Amino acid sequence: MYAEIVFPLPFRNSFTYSVPEELEQYVEIGIRAIVPFGKRTLTGFIINITNTPSVTEKIKPITDILDKAPIFDQKILEFYQWLSDYYLSSLGEALKLSVPYGLEVESKRKVISDKGFCLELFAKEKNKESVKAGILKILSEREEINLSYLQKQLNKKNIYSTLRSLEKTGALTILDEIEEAKVKIKKTKYVKLNKTIAEIYAYFPELESRSPKQVKIILELINKKEKSVPVAELLKKTESSQSSIESLESKGLITVYEKEIDRKYSETYKEEKSKFKLTDGQQKIVDEVSSCMDKEIFQPFLLHGVTGSGKTQIYIELIEKALEQNKTAMLLVPEISLTPQITSRLFNNFGELVSLIHSRMSIGERYDSWRRILKGKSRVVVGARSALFAPLKNIGIIVVDEEHDASYKQFESLPKYNARDSAIILAKTYNCPVILGSATPSIESMYNARSGKYTLLSLPERVDNAKLPKIDLVNISIERKKKKMENVFSKILLDKIEDRLKKKEGIIILQNRRGFSTQIYCEDCGEIETCDNCSVPMVFHINKNILQCHYCGLIKKVPGACSHCGSLSIKYFGTGTERVEDELSFYFPGIKIKRVDSDSISRKASLGKILFEFGKGDIDILVGTQMVSKGLDFPRLTLVGVISAETTLWIPDFRADERTFQLLTQVSGRAGRSKVEGEVIIQTQNEKHFALQKVLLNDYEGFYQKEIIDRQKLGYPPFTRLCLVETKDMEEEKAKGAINDFYKELAAYKKWLTITQPASAIIARLKGNYRFQIMIKSYREADPGGRILRQAVLNSFVEFNRKSRYRDVKLIYDVDPQSIL
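The following paragraphs examine the structure supplied in this document. Note that the coordinates shown come from a computational prediction; the quantities given were computed from them, not determined experimentally. (Residues numbered from 1 in each chain as written. Predicted model: local features only at pLDDT ≥ 70, side-chain atom pairs only at ≥ 80, totals over all residues. Heavy atoms only, no water.)

**As for the overall build of the chain**
Right, on to step 1. Counting its regular elements, the chain contains 26 helices and 36 strands.
Right, on to step 2. Rg of the C-alpha trace for the chain: 30 Å, near the compact-globule value of 28 Å for 821 residues, within the 12% margin.
Right, on to step 3. Along the first, second and third principal axes, the C-alpha atoms of the chain reach 90 × 80 × 65 Å.
Right, on to step 4. Within the chain, buried positions represent 53% of all 821 residues.
Right, on to step 5. The long-range share in the chain, meaning contacts at least 24 apart out of those at least 6 apart in sequence, stands at 75%.
Right, on to step 6. Counting every atom, the chain has about 38,500 Å² of accessible surface; 50% of that belongs to carbon and sulfur.
Right, on to step 7. Looking at charge distribution, the chain has the averaged site of its 127 positive side-chain charges lying 1 Å from that of its 108 negative ones. (Helix = DSSP H or I, 4+ residues; strand = E, 2+ residues; numbered from the N terminus. Rg over C-alpha atoms; globule rule 2.2 N^0.38 Å. Buried < 20%, exposed > 50% of the residue type's maximum accessible area, 1.4 Å probe, protein only. Contact = heavy atoms within 4.5 Å. Areas by Shrake-Rupley, 256 points an atom, 1.4 Å probe, with all protein chains shown as cover. Lys, Arg positive; Asp, Glu negative; His and termini not counted. Charge placed at Lys NZ, Arg CZ, Asp CG, Glu CD.)

**Focus on the sheet that holds strand E8 (residues 172-179)**
Right, on to step 1. Reading across the sheet, the three strands line up as E7-E6-E8 and stay open at both edges, with antiparallel pairing between neighbours. Each having just a single partner strand, strand E7 (144-146) and E8 make up the two edges of the open sheet. In this sheet, adjacent strand axes meet at a mean angle of 30° when their direction is disregarded.
Right, on to step 2. Sheet topology places strand E6 (residues 106-113) next to E7; three bridges connect them, and they run antiparallel. Bridge assignment links Val-111 to a residue of E7, and that residue is Ile-145.
Right, on to step 3. Contacting E6 and E7, helix H5 (residues 147-154) crosses the sheet at an angle of about 80° to E7. (Pairing = 2+ DSSP bridges. Axes fitted to C-alpha atoms, helices over the stretch in contact; angles between N-to-C directions.)

**Side note on the sheet that holds strand E17 (residues 433-438)**
Right, on to step 1. A sheet is described by the order of its strands in space; here seven strands give the open sequence E14-E15-E13-E16-E17-E12-E18, paired in parallel fashion. Single-partner strands in this sheet number two, and they are strand E14 (354-357) and strand E18 (455-459). Each neighbouring strand pair of the sheet contributes to a mean axis angle of 20°, computed without reference to strand direction.
Right, on to step 2. Sheet topology places strand E16 (residues 395-401) next to E17; four bridges connect them, and they run parallel. Opposite Ile-398, over in E17, you have Val-434 as the bridge partner.
Right, on to step 3. Contacts from helix H16 (residues 419-430) reach strand E13 (328-332), E16 and E17, with the element oriented near 165° to E16.

**Quick look at the pairing of strand E34 (residues 759-766)**
Right, on to step 1. Two elements, E34 and strand E35 (residues 769-779), share four bridges in a ladder whose sense is antiparallel. Paired with Ala-759 across the bridge in E35 is Gln-773.
Right, on to step 2. The loop that links E34 with its antiparallel partner E35 comprises two residues; one of these, Lys-767, has a positive phi angle of about 50°.

**As for unusual backbone geometry**
Right, on to step 1. Across the junction of Leu-414 and Pro-415, the peptide omega takes the value -10°, indicating a cis bond.
Right, on to step 2. One can find Pro-415 in the loop between E16 and H16.
Right, on to step 3. With a phi angle near 60°, Leu-88 is a residue other than glycine that sits in the positive phi range.
Right, on to step 4. Summarising the element assignment, Leu-88 is placed in the loop between helix H1 (74-86) and helix H2 (91-95).
Right, on to step 5. In this structure Leu-88 comes out as buried when scored by relative accessible area, which is 3%.
Right, on to step 6. Located in the positive-phi region is Asn-545, a residue other than glycine, with phi close to 55°.
Right, on to step 7. Within the fold, Asn-545 resides in the loop between strand E24 (539-541) and strand E25 (546-548).

**Regarding helix H6 (residues 160-169)**
Right, on to step 1. What H6 keeps buried is the set Thr-162, Leu-163 and Leu-166. Along the axis of H6, the buried positions cluster into a sector of 95°, meaning they face one direction only. The exposed residues of H6 that point more than 90 degrees off its buried face are Ser-161 and Lys-168.
Right, on to step 2. In this structure, the buried side of H6 is in contact with helix H3 (115-124), helix H4 (131-139), H5 and E8. (Arc of directions from axis to C-beta.)

**Thoughts on the packing of aromatic side chains**
The relation between two aromatic rings is expressed through the spacing of the ring centres and the mutual angle of the planes.
Right, on to step 1. Summed over all chains, the structure comprises 33 aromatic pairs.
Right, on to step 2. Ring geometry for Tyr-190 and Tyr-257: centres 6.3 Å apart, planes at 35°, overall tilted. Pair noted here: Tyr-190 is in strand E9 (residues 186-193) and Tyr-257 is in strand E11 (residues 254-261), with a separation of 67 residues, a long-range link.
Right, on to step 3. Owing to a relative accessible area of 13%, Tyr-190 belongs among the buried residues under this scheme. (Phe/Tyr/Trp six-rings, centres within 6.5 Å; stacked < 30°, edge-to-face > 60°.)

**Section: the pattern of salt bridges**
Right, on to step 1. If you walk through the whole model with that rule in mind, you get 45 salt bridges.
Right, on to step 2. Note that Lys-264 is salt-bridged to Glu-352, the shortest N-O span being 2.2 Å. With Lys-264 in the loop between E11 and helix H12 (280-295) and Glu-352 in the loop between helix H14 (339-350) and E14, this residue pair connects regions lying 88 residues apart in the sequence.
Right, on to step 3. Taking the shortest distance from any N to any O, the salt bridge between Arg-500 and Glu-505 comes out at 2.9 Å. Per residue, the accessibility class of Arg-500 equals that of Glu-505, and both read buried.
Right, on to step 4. A single salt-bridge network, built from bridges that share partners, covers Glu-260, Arg-263, Asp-368 and Arg-371. (Salt bridge = Lys/Arg side-chain N within 4 Å of Asp/Glu carboxyl O.)

**Topic: the packing of helix H9 (residues 212-223) against helix H11 (residues 242-250)**
Right, on to step 1. Where H9 meets H11, the axes come as close as 10 Å, and the angle between the chain directions of the two elements is 75°. Classified by the angle between their axes, H9 and H11 sit roughly perpendicular to one another. For the pair H9 and H11, contact is made by Lys-213, Gln-214, Ile-217 and Ile-218 and by Ser-244, Ile-245, Ser-247 and Leu-248, respectively.
Right, on to step 2. When the residues that make up the contact of H9 with H11 are grouped by side-chain class, the tally is four nonpolar, three polar and one charged. (Parallel < 35°, antiparallel > 145°, perpendicular 65-115°, else oblique. Nonpolar A, V, L, I, M, F, W, Y, C, P; charged D, E, K, R; others polar.)

**With respect to the state of the cysteines**
Right, on to step 1. This model, assessed by the stated rule, comprises zero disulfides.
Right, on to step 2. With no disulfide of its own, Cys-565 lies closest to Cys-522 among cysteine sulfurs, the gap being 3.7 Å.
Right, on to step 3. Judged by its relative accessible area of 42%, Cys-565 is partly exposed. (Disulfide = S-S within 2.5 Å.)

**So, the side chain of Ser-490**
Right, on to step 1. With respect to the helices, strands and loops of the structure, Ser-490 is situated in strand E21 (residues 489-490).
Right, on to step 2. Excluding residues that lie within four positions of it along the chain, Ser-490 makes contacts with Val-474, Lys-484, Met-485 and Gln-683.

**Observations regarding the environment of Ile-316**
Right, on to step 1. Note that Ile-316 resides in helix H13 (residues 311-324).
Right, on to step 2. The spacing of Ile-316 and Ile-342 is 26 residues in sequence and 9.7 Å in space, taken between C-alpha atoms.
Right, on to step 3. With residues up to four places along the chain from it excluded, the contact list for Ile-316 reads Arg-345, Leu-346, Asn-349 and Phe-350.

Nothing here speaks to function; it is geometry throughout.
Here is the structure:
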């Protein structure tokens, strides 16, 4: 028996391994295997089993099998194959998404050094800039280092020959170690009585005279009415030691055994279960989608419902229907901020059948959640984009809530998939309907609905006769001239806040920037304090009194003088959430304010706690970034204030207008979700801007019509498909050389594609790497599936790898990018 295996590495081919006889019964498609790979040991995915090998060279055997049951079957394998093909990654990199982080077993190379000898050799080295000198310098300071980390420090991959020559001198030793999986099943020792109570009482006279602690343990277990108890809990309660347990076990009175512990993520946010009666509009939508579920027909629906129109209740009804049909359901939300409320509602309706998957969970909780889904114990999955790859079987409905949100796009690692678009392909795989829901659908999704690719469903009115909020635009340039500005607040907004506070109503203030001041500027030399690793300004955080880069995380002390010229004339510019919070505390002393941004909710379950307190009325004002604009539903929230509408409007990206319209419409929609009418105050420097005017009129249709004409004129999605090719390297010359060489290969496809000249990225340096980009456009009329575009990129890469002297520079492909920064 032979198995074809792929690895989460950038290789596009599979590798053949022989299956030892003792492992044959365990080998299946979808199982992970531990195998030798070159001089390493790796975890790979079995994608095919044959009786004849496809290669003639020596075939290595599989070392071990990791899974008892397959993680994916042939049907789902086709979905991952599509994912890797479309987003230009290897199949192994795509399949890595099917398992939670921390499960892989692999060998790691370590370098153990003789620090003193390395220092001697470094002193003798004439060329201190050489690779050898670099290695010796690092190893003279560290006794033990991972090979991968050493390569990263030197920014060089090919250091093996230098290391081997140093190993011969005795300066270092290279070790290969097998690194076990980072996450395992959690087990805890439990204890229970091993005899009847009558039999145990016979031992009491002896136990009482010799070991009263053992009597305490026995009495506690009798008190538990023959239930098993965790050993740690029992010892703590009886103030006993482990030796007492061992003694009782040796007498045969108790049994100690290991029990698997299910690590469950618990939300602090809780809601009372409410019984809703669907409106006629909601019922009509449920019926239409249900008929596709009954017939097992794949159909994408775009649900365009205004904020507060009851989309969540429709999702709950459809999930209930899927469960009645003995199927499973998936609900994707764009961000962690949406999960506390939606999760609470799902748990209220479906209890233990619900499992969560998102980044705020520990790796143990994520692993146990994944295992519950794999075993079929959980049949409803809710989570952010990674929940798309949960091992659900027999899916009956997939819901993508707030489908317009850019956070559905993976932008950090390969494959750079879009969970919304991938969910449609997954639904097609299972022949089930998929619903994309939003109050502000993306231009692409609405275009697909208008052109008949999706079915458009509409909810134009709020439930319970609630009215859409009244929106006002306040021009802060005019207000400043009238002397009606108090720092970042207009008098109008402050008066409105005061009025709502008197009425004990809830308020949200949006400022889509973290920190206190977004830049520090020197009045004498004109320089801005920038990050050492990135070409972006450092942000001042007043709470910790530090400067921080929001891209690489670098922290600096706050300078007393300009770090460029030494001048003391430094000014703090820009407004972040910390400054807004600080000013509100000054204007309204004694009120309870909480900040909701990624700095303030880094602690586990802290967001759920904040939302719970806000819902109860214990918090008066929430100040936050775009986290507060999504999905929050509180009847007591009646006022929304936006400090600056321009934070997203001035970004040099073709989606800037769309993002601004969506953000402001979404945050406005948090207000007035009950009988009390809501109000929204948006501060801006240009109230006549088209996108802001459409927000004011709540006119999605008008915004869409203008935007779609502009996109067609300028050749942007949905009329084209984009691919962003990026090179990055610590050395500017290498990154630039690589992009120019790649461009030469791409030029052969100019007949079919529009290819921009290589250029420096808008953020030219990020995390120490210089970045250069090429944007490729493929018109959908000529290349509907994007095959020509993908072929051009892959073929160019082959030629680039063959010819370019910069082939070791990292090339990154982003198909359908959501940001071009």
